Amino acid sequence: MAWLRAASGLARHALRRRALLTRAPPLAARCFHSAPPACRPSAPAPRAVPLSRLTDSFLDGTSSVYLEELQRAWEADPASVDESWDNFFRNFLGQAAPSAGLSGQTIQESMQLLLLVRAYQVNGHMKAKLDPLRLDERAVPEDLDLSLYGFTDADLDREFFLGVWRMAGFLSENRPVLTLREILSKLEQAYCGPIGYECMHIPDRDKCNWLRDKIESAKPMEYHKDRRLVMLDRLIWSTQFENFLATKWATAKRFGLEGGETLIPGMKEMFDRAADLGVENIVIGMPHRGRLNVLGNVVRKPLSQIFSEFTGGTRPVEGEDGLYTGTGDVKYHLGTSYDRPTRGGKRIHLSLVANPSHLEAVDPVVIGKTRAKQFYSNDLDRTKNMGILIHGDGSFAGQGVVYETLHLSALPNYTTGGTIHIVVNNQVAFTTDPRAGRSSQYCTDVAKALDAPIFHVNGDDLEAVVRVCELAAEWRQTFHSDVVVDLICYRRFGHNEIDEPSFTQPKMYQVIKNHPSSLKLYEQKLLGTGEVSKEDIQRIHEKVNRILNEEFAKSKDYVPNKRDWLSAYWTGFKSPEQISRVRNTGVKPEVLKRVGQAITTLPENFKPHRAVKKIFELRSAMIQSGEGIDWAVAEALAFATLIVEGNHVRLSGQDVQRGTFSHRHAVLHDQETGGKYCPLDHVVMNQNEELFTVSNSSLSEFAVLGFEMGYSMENPNSLVLWEAQFGDFSNGAQVMFDQFLSSGEAKWLRQTGLVVLLPHGYDGQGPEHSSARLERFLQMSDDNPFVIPEMEPTLRKQIQECNWQVVNVTTPANYFHVLRRQVCNL
């Protein structure tokens, strides 16, 4: 493939120059207004290239004459040309020569065909039939014009040799000779149908070949009858669920999925395929649109519970002993979890994370929770636990936390082995058209920064949706990296069901008014093939409607009297309305000395910076004498003693390994070799390398705090800390503080043990470095988090009045106990 790509670069310039000469339009068509034409002079005819240059690499070739000279020289003596050219000619001429009916195919035409195929692989998605409403006005790229490559209609039935390219898919097919018409047909089938593939930006050859093998199939993907009946059943459930809600609660906001109903069967097929490939747990994050449908049909939240929330609210009733009921939240923000059986006979655990109205804010929380699941289940290969994020088109392009989260994907202490992103692309945000909402061609272009493949798919084509959803699962499990499915659909109603979309998109909604549903289109397809009858379809509809009505009847007696979906790990933890017993956080002196020696001893051959060496010598003296313990040593002792007791400790944030004020030095660097050493990784024998994690994060507050928030929610038997570079910078994550950290338990009954460290000091660096802005946190009183500053009495009184628990940490010893208390205080 290396020579193939290089050959593409070689010929492109010559072909474009030829196209300018042979396809030049009339002068009047090329010049505008009344300005005198300034026409480019014709390019000179290519001159013969001296034989002395024939040893150059084929990357340097520029003309057809040069290629012909190279071919003649190679035929006379293969050693006279560069090895790369020898490889090319050996593959082409060595196999093509014996083939009959090639009509005098030249090396030029072979390279032109190569460029044509490459053009479809790169830009075929621009010609794909992606818009269900057929309102897109995309110009077909010039690269897909046959005449650009010197071919005419007279060449369509000529046979060309393709097998030497050794490319996956239809280009081999055990039939290396195809007519140009057949080649074009296969390219159109593969790249310009209901799926548009963007993958040629990926620099990895193996990944591109893997995708081409999946895309360039010899025959279109066909599902057998039984599989199609399963898809039909799932699509009927998706559609009838929305219809049922619309009938029973016509004026209620539900942010339905009408226009994108194929999301549900697509997700189910994705999860089935993922389970077949070894996935056991999936953590899902998504916004409000379609959430009720996902809750009911994918994650299997009881339908009677969903229906009851339309009439009785979402807040549990009073009366259950020890139950903190919180404030509740709207039904399309809630989460749930369920062990779902798959089509392949396996079971997969699904958990949908609760989220606020702030679009995309849940993204890093899901990724952090997924990473935590991987740690606690010893999922070293990151193949058993997977994250799925569902986005809107406007928010995926517009919200900065999307980019911040994407860029955690390959960082060693944040990667989850790949996330599958599904964009429910309504082709309009609230009321904003795409041309006003983004500067790029697609809303998914941000994912190209990760070299992630992007599969654009027409949301009206159920089988195409299923195809890309399965392909996304296969990619993730094969390459352990992110992948994007862009489900291009529409929103049949407005932003919510009582909104009038024609105010701002009249043309679009005139088309939508007369557009059949994806269910109707799929039913017509199956009826046309004779695989199902009208009676078969009617039976499924009647079954679904019967179950929906039965669940509706049950909903009238449904009482939300317990926290159905809370993690068992948090059983026994007190609610904000209860007082917990403070357990003993002390540690025996001999234990402190033993772990203290471990964290202050460096390997004999390790060469730290001389200043750092001096710091560790002082720390060792502190441990031995028990006197002069400073904040860094107290913190390290707290971490070490928790590790000895078997607890997981994770510290994350910008520059936390060294510490903003050069006080921590949790990771040391050998001044000669550049090697690293972390003393807290060597507290106990055979210590799990992740039992203690201290990680410098990317330069992000929002996503990294969200990640650690999600991580801390998985298991309370750990100490998870996020540290701001300076306390003042925490407001870069204000949404996370407001919507999750301070109110998550009140709204969703979700607990967290996250510790937030906000270092700052009065050292002349100005107002952005001198205060953690604790007054900002005075409003966050519902969940009663810890505040651990050294503060003035007046500020302390204000915080106490806001129901915060204030811990005096004026000494390193107090800091030690506060950190241990986060784990020991059950």
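Reading the values: the criteria
- The residue numbering used here restarts from 1 in each chain and proceeds along that chain's sequence as written.
- Whole-chain, interface and lining totals are the exception, using all residues; otherwise, since this is a predicted model, local features are given only for residues with pLDDT of at least 70 and side-chain atom pairs are given and counted only at 80 or more.
- Side-chain metrics in this entry use all non-hydrogen atoms of the structure; hydrogen atoms and water are not considered.
- UniProt positions are given in the numbering used here, feature names are shortened, and annotations may be inferred rather than shown by experiment.
- Pairing between strands is defined by DSSP: at least two bridges between them are needed.
- Every helix listed is a DSSP run of H or I at least four residues long, and every strand listed is a run of E at least two residues long, numbered separately from the N terminus.
- To define axes, lines are fitted to C-alpha atoms, for helices over the stretch in contact only, and angles between the resulting N-to-C directions are given on a 0 to 180 degree scale.
- By definition here, a salt bridge exists when the distance from a side-chain nitrogen of Lys or Arg to a carboxyl oxygen of Asp or Glu is within 4 Å.
- Accessible area is worked out with a 1.4 Å probe on protein chains only. A residue is then buried under 20% of its type maximum, exposed over 50%, and partly exposed in between.
- Only protein atoms enter the 1 Å grid used here. Points where a 1.4 Å probe fits but cannot escape make up a cavity, open sets with protein on both sides within 12 Å along at least five of seven lines make up a pocket, and a residue lines them when an atom lies within 4 Å of a point.
- Grid points are joined across faces, edges and corners, and a volume is the space filled by probe spheres set on the points.
- Residue contacts follow a heavy-atom distance rule, with two residues in contact if any of their heavy atoms lie within 4.5 Å.
- Geometric relationships in this document are graded by angle, where less than 35 degrees denotes roughly parallel, more than 145 denotes roughly antiparallel, 65 to 115 denotes roughly perpendicular, and other angles denote oblique.
- Classes in brief: Ala, Val, Leu, Ile, Met, Phe, Trp, Tyr, Cys and Pro nonpolar; Asp, Glu, Lys and Arg charged; the others, Gly included, polar.

The protein chain goes by 2-oxoglutarate dehydrogenase, mitochondrial in an unreviewed UniProt entry, where it is assigned to Zizania palustris. The Subcellular location (unreviewed entry) field of the UniProt record for the protein chain holds the comment "Mitochondrion matrix". Turning to the protein chain, the UniProt annotation filed under Function (unreviewed entry) states: "The 2-oxoglutarate dehydrogenase complex catalyzes the overall conversion of 2-oxoglutarate to succinyl-CoA and CO(2). It contains multiple copies of three enzymatic components: 2-oxoglutarate dehydrogenase (E1), dihydrolipoamide succinyltransferase (E2) and lipoamide dehydrogenase (E3)."

> For this particular structure, what's the right way to read the sheet that holds strand β10 (residues 483–488)?
Adjacent strands of a sheet form backbone hydrogen bonds with each other and so pair up, either parallel or antiparallel. Reading across the sheet, the 8 strands line up as β3-β9-β10-β8-β7-β4-β6-β5 and stay open at both edges, with mixed pairing between neighbours. Pairing within the sheet leaves two strands with one partner each, and these edge strands are β3 (195–198) and β5 (336–341). Within this sheet the neighbouring strands show an average axis-to-axis angle of 20°, counted without direction.

> Explanation requested: the pattern of salt bridges in the structure shown.
Close approach of charged atoms allows side chains with opposite charge to pair. Using the criterion set out here, one finds 36 salt bridges in the structure. Glutamate 109 is the salt-bridge partner of arginine 158, the closest N and O atoms lying 2.9 Å from each other. Residue arginine 158 is found in the loop between α5 (107–123) and β1 (159–161), and its partner glutamate 109 is found in helix α5; the two are separated by 49 residues along the sequence. Residue class for arginine 158 comes out buried when judged on its relative accessible area of 15%. Several salt bridges share partner residues, and in doing so they unite Arg227, Arg234, Glu269, Asp272, Arg340, Arg343 and Glu470 into one network.

> I tried to follow unusual backbone geometry on my own but got confused; where do I start?
Outside of glycine, negative phi angles account for most residues, and trans bonds account for most peptide bonds. You will see that arginine 382, though not glycine, has its phi angle at about 55°, which is positive. Secondary-structure assignment places arginine 382 in the loop between α12 (363–376) and β7 (385–392). The class for arginine 382 is buried, based on a relative accessible area of 12%.

> It is not clear to me how the layout of surface pockets should be interpreted in this structure. Could you clarify?
In this approach a probe as big as a water molecule rolls over the atoms, and the regions it shows empty are the leftover space. In this structure, the second largest pocket occupies an estimated 790 Å³ of space. Along the wall of the second largest pocket there are 22 residues; nearest its centre are Leu135, Asp136, Glu137, Gln427 and Pro434. Mapped by element, the contributors of at least two residues to the lining of the second largest pocket are α15 (434–437) and α17 (506–513).

> Which parts of the structure should I look at to understand the environment of asparagine 123?
Tracing the backbone shows asparagine 123 in helix α5. Asparagine 123 sits in the buried class, given a relative accessible area of 18%. A sequence separation of 18 residues divides asparagine 123 from proline 141, and the C-alpha atoms of the two residues are 7.0 Å apart. Those residues in contact with asparagine 123 that lie beyond four places of it in its chain are Pro141, Asp143 and Leu144.

> Just checking my understanding: could you explain the packing of helix α20 (residues 589–600) against helix α22 (residues 631–644) for this structure?
Between two packed helices, both the angle of their axes relative to each other and the distance between the axes serve to describe the pair. Contact pair α20 / α22: the axes reach a minimum separation of 10 Å and the direction vectors enclose 110°. Relative to α22, α20 is oriented roughly perpendicular. Facing α20, whose interface residues are Leu592, Val595, Gly596 and Ile599, α22 presents Ala636, Leu637, Ala640, Thr641 and Val644. By residue class, the composition of the contact of α20 with α22 is 7 nonpolar, 2 polar and no charged.

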